[in-house]
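Descriptive analysis of the structure
Next come the chains, spelled out residue by residue.
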Amino acid sequence: AEIDRHEIRDLNAAQAMILFNIGDRELPMGELIERGYYLGSNVSYNIKKMVENGYVTQTRSPYDRRSFHVRSSERGREICDRLQKLFEWHANQLFE
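Note that the structure is predicted; figures quoted are calculated from it, not measured.

Thresholds applied
- Within every chain, residues take consecutive numbers counted from 1 along the sequence as written.
- Local features in a predicted model are, by the rule used here, given only for residues with pLDDT of at least 70; side-chain atom pairs are given and counted only at 80 or more, and totals for whole chains, interfaces and linings are based on all residues.
- Where side-chain values are given, they derive from all heavy atoms of the structure, hydrogens and water being excluded.
- When DSSP locates at least two bridges between a pair of strands, those strands are taken to pair.
- A run of H or I in DSSP counts as a helix once it spans at least four residues, and a run of E counts as a strand once it spans at least two, with each numbered from the N terminus.
- To define axes, lines are fitted to C-alpha atoms, for helices over the stretch in contact only, and angles between the resulting N-to-C directions are given on a 0 to 180 degree scale.
- Contacts are assigned to residue pairs that have any heavy atoms within 4.5 Å of one another.
- Here a pair means two rings of Phe, Tyr or Trp (six-membered ring of Trp) with centres within 6.5 Å. Their orientation is stacked below 30 degrees between planes, edge-to-face above 60, and tilted elsewhere.
- Between Lys or Arg on one side and Asp or Glu on the other, a salt bridge is scored when a side-chain nitrogen of the former is within 4 Å of a carboxyl oxygen of the latter.
- Residue exposure (1.4 Å probe, protein chains only): buried if accessible area is under 20% of the type maximum, exposed if over 50%, otherwise partly exposed.

1. Re the sheet that holds strand β3 (residues 68-72)
- One open sheet holds the three strands; their spatial order is β1-β3-β2, and the pairing between them is antiparallel. With partners counted over all chains shown, the strands left at the sheet margins are β1 (26-28) and β2 (56-60), one partner each. Each neighbouring strand pair of the sheet contributes to a mean axis angle of 25 degrees, computed without reference to strand direction.
- Across the sheet, helix α2 (residues 13-22) lies against β1, β2 and β3, angled at about 95 degrees from β3, the strand it touches most.
- Running at roughly 90 degrees to β1, helix α3 (residues 29-36) makes contact with β1, β2 and β3 of the sheet.

2. Description of the packing of aromatic side chains
- Following the criterion strictly, the structure yields one aromatic pair and no others.
- Ring plane angle 85 degrees and centroid distance 4.8 Å describe the contact between phenylalanine 20 and phenylalanine 87, whose orientation is recorded as edge-to-face. Of the two residues, phenylalanine 20 is situated in helix α2 and phenylalanine 87 in helix α5 (residues 74-95); the sequence distance between them amounts to 67 residues.

3. Structural notes on the environment of alanine 16
- With respect to the helices and strands, the residue alanine 16 is situated in helix α2.
- The spatial distance from the C-alpha of alanine 16 to the C-alpha of glycine 76 is 8.8 Å, given a sequence separation of 60 residues.

4. Brief notes about the pattern of salt bridges
- One pass over the full model with this rule turns up five salt bridges.
- Here glutamate 52 ties to lysine 49 by a salt bridge, and the two come within 3.4 Å at their closest N and O atoms. In this pair, glutamate 52 and lysine 49 both sit in helix α4 (residues 40-52), three residues apart, roughly one turn of the helix.
- A relative accessible area of 49% places glutamate 52 in the partly exposed class.
- Across the pair aspartate 64 and arginine 66 runs a salt bridge, and its minimum N-O distance is 3.0 Å.

Printed below as a string of structure tokens:
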């Protein structure tokens, strides 16, 4: 709903949660799958779309050429910040 309120049309809810799990870190794709409990093919497809739309960058691991690392771009970090504020607001509402 937050994404729709901001009229972001090139990012779906699943991609937003993947982006939120990446945060401001650089993660190997395998670790992202383990942390988020996503199916591998779904993460690969969603990361590809997020790279195309400028939300994340993807680079090959310098140690294992089969492995890719992902990092939020500036555009992606802006979405993460919005989501973090939204989650904090919801958490505060639960305490009240």
